[in-house]
Amino acid sequence: MEIAQTKAQIIEAVRGLPGRIGLAATMGALHAGHVAVIRAAKAESDSLIASLFVNPAQFGGATDFDDYPRRFDRDMEVFEKEGVDVVWAPSLDDVYPEGFGTYIDPGSIARPLEGAFRPRHFRGVATIVAKLFTLLRPDVSVFGQKDWQQTQVVAALVGDLDFDIKVLVVPTVRDEQGLALSSRNRRLSGDARRAARVLYKGLKLAADDYAAGETDAAKLRRRMLTIMAKERRCRPEYASVAHAFTLEELELAAEPMVLSCAAYVDSVRLIDNVVIGVELYGGNRAV
Ligand code: PAF
């Protein structure tokens, strides 16, 4: 496995890769959710690139960025074990050199939900993803369902800017209690981790209500909020019932649809979702 750190090294490494290139873009602190992404990218390509870059442009502030877990050596072991051919692990200066000033504004898909609570987040995501696509030239790029809005921002980016790249979405990986795996979970205490289960519990009950015939989206939102409100450590930010691809809020629940929520559990902000009527890579294990 080759580890490229400078731009010159990665350009050279990409030139030598045979066949279709798969990309698993990450910010490191890898867990089983990343492994699912890496494996899908490997299965769909001849040569596999993984990127590891904690992107300051998508964080709300310096504290959030600084608090993000970093585990470089362990991450390299995971990449190696999963058969990654090249890792792109650039420095901050390589990605955002002195004088950098061009950002991508992803438009309406980025405005609701996470975009409303984290105003510059998707501008940062779209910018780094466009840079990764330009430098690494993947044929296929895989993302995790947990960041559903991000997958739609990337799909819009690929369509709008004419990247010839197939975007695949793998289902969220959960622990035995249903908590979606996330690098942020490391910051949850034992009690907080137990409390965090209410996000998925609310989503699942709302999805069950829909399956039983409830189509009033306001009731489904209330269902999620009520379940989250029962846990005193949990401070919900939103519960949404939206069209899966436009992310517009629905009055009448109908497929394709995404139920999603965000909440603080103690001081850790978590997000989760279930998609209904959407085919994910490898099958939809979400609900
Ligand atoms: O999902 C992530 O880990 C990040 O948002 C990504 C896609 C690697 C861009 O920094």
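Residues numbered from 1 in each chain as written. Predicted model: local features only at pLDDT ≥ 70, side-chain atom pairs only at ≥ 80, totals over all residues. Heavy atoms only, no water.

(A) Focus on the site of the ligand. What surrounds the ligand is the set Ala 25, Thr 26, Met 27, Gln 58, Ile 128, Phe 143 and Gln 150. The contact in question runs from an oxygen atom of the ligand to an N or O atom on the side chain of Gln 58, over 2.6 Å. Gln 150 places a side-chain nitrogen or oxygen 2.7 Å from an oxygen atom of the ligand. Protein coverage of the free-state accessible area of the ligand, which is 290 Å², stands at 90%. The residue inventory of the shell around the ligand, partitioned by class, reads 4 nonpolar, 3 polar and no charged. (Near = heavy atom within 4 Å. Polar contact = N/O pair within 3.5 Å; in protein donor to acceptor, adjacent residues only side chain to side chain. Areas by Shrake-Rupley, 256 points an atom, 1.4 Å probe, with all protein chains shown as cover. Nonpolar A, V, L, I, M, F, W, Y, C, P; charged D, E, K, R; others polar.)

(B) Main features of the nonpolar core. In terms of nonpolar packing, the biggest core is built from 45 residues, with Ile 10, Ile 49, Val 129, Phe 133, Leu 136 and Trp 148 touching the most fellow members. Those elements giving two or more residues to this core turn out to be helix H1 (7–15), strand E2 (21–26), strand E4 (86–88), helix H7 (121–136), helix H8 (148–160), strand E7 (234–243), strand E8 (257–265) and strand E9 (268–276). Ranked by residue count, the leading element in this core is H7, at 10 residues. In this structure Leu 136 touches Ile 10, Val 14, Ile 21, Leu 23, Ile 49, Ser 51 and Trp 88, once residues within four positions along its chain are discounted. Counting 31 residues, the second-largest nonpolar core is a separate cluster that includes Ala 192, Ala 239, Leu 270 and Ile 276. (Core = buried A, V, L, I, M, F, W, Y, C linked by side-chain atoms within 4.5 Å. Buried < 20%, exposed > 50% of the residue type's maximum accessible area, 1.4 Å probe, protein only. Helix = DSSP H or I, 4+ residues; strand = E, 2+ residues; numbered from the N terminus. Contact = heavy atoms within 4.5 Å.)

(C) Quick look at the sheet that holds strand E6 (residues 166–170). The 6 strands lie next to each other as E1-E4-E3-E2-E5-E6, forming an open sheet whose pairing is parallel. In the strand order of this sheet, the two ends are held by strand E1 (2–4) and E6, each with one partner. Going from strand to strand, the sheet's axes swing by 25 degrees on average, the running direction of each strand aside. Bridge analysis of E2 against strand E5 (residues 140–144) gives 3 bridges, and the strand direction is parallel. Looking at the pairing, Ala 24 lines up with Val 142 of E5. (Pairing = 2+ DSSP bridges. Axes fitted to C-alpha atoms, helices over the stretch in contact; angles between N-to-C directions.)

(D) Representation of the packing of aromatic side chains. Under the counting rule described, the total for this entry stands at 8 aromatic pairs. Taken together, a centroid distance of 5.2 Å and an interplanar angle of 90 degrees make the contact between Phe 100 and Tyr 103 edge-to-face. Given a relative accessible area of 32%, Tyr 103 falls into the partly exposed group. Both rings, one in Phe 133 and one in Phe 163, keep their centres 5.4 Å apart while their planes meet at 75 degrees; by these two values the pair is edge-to-face. Remark: Phe 163 occurs in the loop between H8 and E6 and Phe 133 occurs in helix H7; sequence separation between them is 30 residues. The pair formed by Phe 133 and Phe 163 is uniform in burial state, with each residue classed as buried. Stacked on the ring of Phe 65, the Lys or Arg Arg 70 has its end atom at 4.7 Å from the ring centre. A cation sits over an aromatic face here: Arg 123 above Tyr 103, 3.9 Å from the ring centre. (Phe/Tyr/Trp six-rings, centres within 6.5 Å; stacked < 30°, edge-to-face > 60°. Lys NZ or Arg CZ within 6 Å of the ring centre and 35° of its normal.)

(E) Representation of the pairing of E9 in the model. Across the 9 residues of E9, 9 count as buried, placing the element largely inside the fold. The side-chain alternation of E9 yields two buried faces, one formed by Val 268, Leu 270, Asp 272, Val 274 and Ile 276 and the other by Arg 269, Ile 271, Asn 273 and Val 275. Two elements, E8 and E9, share 9 bridges in a ladder whose sense is antiparallel. Following the sheet pairing, Cys 261 is matched in E9 by Asp 272.

(F) Structural context of the pattern of salt bridges. In total, this model carries 15 salt bridges according to the counting rule given. The shortest N-O distance in the salt bridge between Asp 208 and Lys 204 comes to 3.9 Å. One end of the pair is Asp 208 and the other is Lys 204, both in helix H10 (residues 197–211) and 4 residues apart, which spans about a single turn. Residue classification places Asp 208 among the partly exposed positions, given a relative accessible area of 37%. For Lys 204, a relative accessible area of 31% corresponds to the partly exposed category. Look at the salt bridges and you will find they share partners, linking Asp 191, Arg 194, Arg 233 and Asp 266 into a network. (Salt bridge = Lys/Arg side-chain N within 4 Å of Asp/Glu carboxyl O.)

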